[in-house]
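So the chains spell out like this:
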Amino acid sequence: VSVWAVVLAAGAVTFGLRVLPLVLLRSGEPPTWIGRSAGYVLPAAFSALAASSLAATASQGVSAVAPVLAAVAVAAIAARRVGSSTTALLYAMPTLWLVAAIVP
Amino acid sequence: MATTMSETHTSDVREGVRAGLGWIPALAPYGFVVGITVEASTIPALVGWATGPLLLGGSAQIALIQLLDAGAAPVLALLAILAVNARLVLYGAVLAGRWRDTSIGFRALAAYFVVEPTFAIASDRYAGGESRGAHHHYLAASGVIWLAWQLAIGAGIVLGGVVPAALGLGAIVPIFLVADVAPRLRSAPTIAAAGVAGAVAVLTRGLPHHSGLVIAIAAGVAVAVAIGEGRR
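In this text the structure is predicted, and so the values were computed from the model without any measurement. (Residues numbered from 1 in each chain as written. Chains lettered and ligands numbered in written order. Predicted model: local features only at pLDDT ≥ 70, side-chain atom pairs only at ≥ 80, totals over all residues. Heavy atoms only, no water.)

J.: What exactly am I supposed to notice about the overall build of chain B here?
T.: In terms of helices and strands, chain B carries twelve helices and zero strands. Scanning chain B from its N terminus toward the C terminus, one meets helices and strands in the order α-α-α-α-α-α-α-α-α-α-α-α. The C-alpha radius of gyration computed for chain B amounts to 19 Å, which stays within 12% of the reference 17 Å derived for 232 residues, consistent with globular compactness. Dimensions of chain B, computed from the C-alpha atoms along their principal axes, are close to 55 × 50 × 35 Å. Taking all 232 residues of chain B together, 51% fall into the buried category. Nonlocal contacts in chain B, meaning residues at least 24 apart in sequence, comprise 77% of its contacts between residues at least 6 apart. As displayed, chain B has an accessible area near 9,700 Å², and 69% of this comes from carbon and sulfur atoms. Of the charged side chains in chain B, 13 are positive and 11 negative, and the gap between their average positions amounts to 7 Å. (Helix = DSSP H or I, 4+ residues; strand = E, 2+ residues; numbered from the N terminus. Rg over C-alpha atoms; globule rule 2.2 N^0.38 Å. Buried < 20%, exposed > 50% of the residue type's maximum accessible area, 1.4 Å probe, protein only. Contact = heavy atoms within 4.5 Å. Areas by Shrake-Rupley, 256 points an atom, 1.4 Å probe, with all protein chains shown as cover. Lys, Arg positive; Asp, Glu negative; His and termini not counted. Charge placed at Lys NZ, Arg CZ, Asp CG, Glu CD.)

Right, dumping it as C-alpha cells:
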C-alpha cells in the first residue's frame, strides 16, 4: 500500500468523523444531552489537550516543563484580565524564554 | 433591504476573518512544527504537506506522519487517526443542530472545517444567535484558518531546519489553549469540566494513540452536566 493511499484513507476517515454527527442528527430534535453538555465540550477539550501536552513535556524533566508551566500560568492570568488569548501570548512567550534561561 | 442584508453579511464575513486571524499566533507556529515533523521524516514532503488539507488537525497529522515514518501498518495508522480524531464527533454533535436547515454543500464544507479553533469561534458566534450571519462568520473564519494552516506547514517544511529550538515554538499550543479557556471559567460546572478533563487526560495519557483524550473530554463534560443539574 502506498503512502499516498494511507494518507488519502486517513483523510476519508477524518472527514467521516466530522460528517457522522451531522448525518445522525439530520432530522428530529437533537438529544437533550447535547443541549445540556454543549457549553462544556470546549473547556473540557481544550483543558484535556493542554494537560496532555504539559504532561508530555513534564516527562522530559523539570527544566523542560518549568518554563512552559510558568508561561501557561502567565497566559491564564493575562487572558482573564484582558480577555484576549493573542495578547496573553505576548506575556507568556517572554516568560517562557526568561524561565528557560534561568532554570538549569 | 437587500443592500442592508448584503452589508450585514459583509460585516459577518469581516468579523469572521478577524476571528480567524486571532488564532494565527497559535496556529502558525503549530503548523510550522507539523512542517518540521514532515521535513525530519522520511516520507515525501508533498505527502506530508497533503496531510494538512486532508486531515486538518495537527495532532492527527503528527501521529500519521510519525507512524508512516516508522513503517507502521496502514490499518494501525488508520486506527490511530480514528482514536486521535474521535473528539471531532463531539464537536460536530454540538454544531449539528445549528446547521440542520442548511444545504448539503454547506454542511459538508462546514463539517470539513471542524477542528478546535473553528469550534471555539463557532461556539462563541452561534451563542450570539442569528444563524445565517453566523454561517457566513464561520466560513470566513474557517477559510482564514485553513489557509494559514496550509501555509504554515509549507513554511515548516521549507524553513524548519533554520529555526532555533530555543524559541520553544512547540509550547505555544498548550499556552494558547489555556489562554482561550481561562476567561471561560466563570461557573462551577465549567471549572469542573476543565479540571476533570485535564486531570483525566494526564491519568490516561498512557493509553494508545491519544485515546485518553476522548475519555477525558467525556468525563469532564459528564461531571459538569451532573453539577449543572444538581444546581437547578
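J.: I keep staring at the environment of B:Trp149 and nothing clicks. Help me out?
T.: All names here are of chain B. You can see tryptophan 149 is positioned in helix H9 (residues 131–159). When its relative accessible area of 5% is taken as the criterion, tryptophan 149 is described as buried. Tryptophan 149 sits 122 residues away from leucine 27 along the chain, and the two C-alpha atoms are 6.6 Å apart.

J.: When you look at the interface of chain B and chain A in this model, what are you seeing that I'm missing?
T.: A common measure of how large an interface is: the accessible area buried when the components associate. With 79 residues of chain B in contact, the opposing surface of chain A contributes 59 residues. Between chain B and chain A, the buried area comes to about 5,900 Å², and carbon and sulfur atoms account for 79% of it. Considering only the side of chain B, the residues that lose the most area to chain A are B:Arg100, B:Ile175 and B:Arg205, jointly responsible for 11% of the buried surface there. Across the contact surface, chain B and chain A share one salt bridge. A salt bridge links B:Glu229 to A:Arg36, with the shortest nitrogen-to-oxygen separation between them at 3.4 Å. The tally of links from chain B across to chain A stands at eleven residue pairs in polar contact (both at pLDDT 80 or more). Class assignment of the residues belonging to the side of chain B that touches chain A gives a composition of 58 nonpolar, eleven polar and ten charged. (Buried area = accessible area lost by both parts, 1.4 Å probe. Salt bridge = Lys/Arg side-chain N within 4 Å of Asp/Glu carboxyl O. Polar contact = N/O pair within 3.5 Å; in protein donor to acceptor, adjacent residues only side chain to side chain. Nonpolar A, V, L, I, M, F, W, Y, C, P; charged D, E, K, R; others polar.)

J.: Before we go on, may I ask you to explain unusual backbone geometry in this structure?
T.: For residues that are not glycine, phi is negative in most cases, and the peptide bond is trans in most cases. The backbone of B:Leu56 shows a phi angle near 50°, a positive value even though the residue is not glycine. Counting through the fold element by element, B:Leu56 comes out in the loop between helix H3 (45–55) and helix H4 (58–69).

J.: Help me understand the pattern of salt bridges in this model?
T.: Should their charged atoms come close, side chains of opposite charge can pair. Residues and elements named next belong to chain B. One pass over the full model with this rule turns up six salt bridges over all chains. When the shortest N-O distance is used, the salt bridge between glutamate 116 and arginine 87 registers 2.5 Å. With glutamate 116 in helix H8 (residues 116–127) and arginine 87 in helix H6 (residues 87–96), this residue pair connects regions lying 29 residues apart in the sequence. According to the relative accessible area criterion, glutamate 116 is buried, its value standing at 8%. By sharing partners, the salt bridges in this structure join Asp124, Asp180 and Arg184 into a single network.

Read these as spatial facts, not as claims about activity.
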